[in-house]
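As a plain string of letters, each chain reads:
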Amino acid sequence: QAATTRGFQAPYQQVGPSYCCFPMFRLLARRTCSAAIPAPLTAVGSSGRFLPAKAATNVYATRNRRTFSSGTSMELLKTEIVDGVAVVTMLGPEGNFPWGTRVFEHRINPLLLNQVNAALDAAEKAEVQAVVVAGEGRFFCNGMDLQYITANVAESTKIQTEAELLLSRILTLNVPTIAALNGHFTAAGAMLGLAFDVRVMPSDGKGLFFVPGIDIGLVYSAGMTELMKAKMPQPLWNDVLCFGKRYQCAELLQHGVVNAAPPTSELVATAVEMAKGLKSKGKDAKTRETLHGIKRNLYKDAVATLGREVEDMGFASGTWDPTGRAAKN
């Protein structure tokens, strides 16, 4: 069975008691989750819980939205529950945000942060046993939304903090997590991909993995650095972090950064099958509590600093061009 929700509408509400193992996220913006799905599928009720199939009677799809003060409101995600696995897809529509960023790059800005957190809220309330996150188009995530930050530089530390909290949340999520890396995952988007337990990348794709801090004048924070160190073999540290070397799927697979490399046509299906194979590691409350504790200890140096020791990475003096790419000399 599969249940589909398209979004979680503003205003957001505080994380509830089921999040006792994630106290740091009580600082995040308020959220609500609502949707209705046709019988005989499982549905999300107005309380945010997934209801028995017989309780679903309406065919509707609510949308994943947040409205900015500028009036921006856009659906960025869709979520399906497939046999106990939450499959979250970052949508890839054409067009730009008002500040210029192309929507399909899935760059990290307040809109994406809120919607991803809302999707994880709903997945936990539904007591799913694994989570898959995939993207549409050429990008999984192209890093921080530098055009948004340039236009709102006073918010840079706040955005950085919330991004790091999301990385920490995914890193220690209490169920198995799989990233279906459909395309480029770079900079903070590289860290987002690394935060998952398992990474699947298409063998025939053109996606790149790289961290270009040296080329755009940004010193990645202690927490981000610890995350990358925890998820990459030491021989890669210097080339990735210091020199911004670019990697494709074959090299990442060789180094163990990517765990599987199916053809593009089988990417999401492979990720979902891998998630189903790990469902027993998120099967009940005790198992989920145990997995969360294991991850917190395994990644303790990253957890201790992500979102806690947030530094100014140099956003005000970065050397990127107006599109958020490395400036050409």
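Just so it is clear, the structure is predicted and the values come from calculations on it, not from any experiment.

### Some points on the pairing of strand 8 (residues 177–180)
Consideration 1: Alternating positions in strand 8 separate into two faces, Thr177 and Ala179 on one and Ile178 and Ala180 on the other, with burial throughout.
Consideration 2: Alignment of strand 8 against strand 10 (residues 198–200), held across 3 bridges, turns out to be parallel. When the bridges of strand 10 are listed, Ala179 appears paired with Arg199.

### Overview of the side chain of Asp145
Consideration 1: By secondary structure assignment, the location of Asp145 is in the loop between strand 7 (139–141) and helix 2 (146–151).
Consideration 2: Here Asp145 occupies a buried position and makes no salt bridge, while the nearest side chain of opposite charge, Arg107, is found at 5.5 Å.
Consideration 3: A distance of 2.9 Å separates a polar atom in the side chain of Asp145 from a polar atom in the side chain of Trp99.
Consideration 4: A distance of 3.0 Å separates the side chain of Asp145 from the backbone nitrogen of Tyr148, its partner in a polar contact.
Consideration 5: Non-local contacts of Asp145, meaning those with residues more than four positions away in its chain, are made with Phe97, Trp99, Thr101, Arg107, Ile108 and Asn109.

### With respect to the confidence of the model for the protein chain
Consideration 1: In the predicted model, the protein chain carries a mean pLDDT of 80, and the fraction of residues at 70 or more is 73%.
Consideration 2: Per-residue pLDDT stays below 50 along residues 1–71; that stretch engages in 177 contacts with residues further than four places along the chain or on separate chains.

### Observations concerning the environment of Ile214
Consideration 1: As for its position among the elements, Ile214 is in helix 5 (residues 213–216).
Consideration 2: Judged by relative accessible area, Ile214 falls into the exposed class, the value being 54%.
Consideration 3: Not counting residues within four places of it along the chain, the set of residues in contact with Ile214 comprises Cys242, Phe243 and Gly244.

### Focus: the packing of helix 1 (residues 110–125) against helix 3 (residues 156–171)
Consideration 1: Close contact between helix 1 and helix 3 brings their axes to 10 Å; oriented N to C, the two are set at 30°. One finds that helix 1 runs roughly parallel with respect to helix 3. For the pair helix 1 and helix 3, the sense of crossing is left-handed. Residues Pro110, Leu113, Val116, Asn117, Leu120, Asp121 and Glu124 of helix 1 pack against Ile159, Glu162, Ala163, Leu166, Arg169 and Ile170 of helix 3.
Consideration 2: Among the residues forming the contact of helix 1 with helix 3, the class breakdown is 8 nonpolar, 1 polar and 4 charged.

Cut-offs applied
Residues numbered from 1 in each chain as written. Predicted model: local features only at pLDDT ≥ 70, side-chain atom pairs only at ≥ 80, totals over all residues. Heavy atoms only, no water. Buried < 20%, exposed > 50% of the residue type's maximum accessible area, 1.4 Å probe, protein only. Helix = DSSP H or I, 4+ residues; strand = E, 2+ residues; numbered from the N terminus. Pairing = 2+ DSSP bridges. Lys, Arg positive; Asp, Glu negative; His and termini not counted. Salt bridge = Lys/Arg side-chain N within 4 Å of Asp/Glu carboxyl O. Polar contact = N/O pair within 3.5 Å; in protein donor to acceptor, adjacent residues only side chain to side chain. Contact = heavy atoms within 4.5 Å. pLDDT = per-residue confidence, 0-100. Axes fitted to C-alpha atoms, helices over the stretch in contact; angles between N-to-C directions. Parallel < 35°, antiparallel > 145°, perpendicular 65-115°, else oblique. Left-handed = near helix turned anticlockwise from the far one by under 90°. Nonpolar A, V, L, I, M, F, W, Y, C, P; charged D, E, K, R; others polar.

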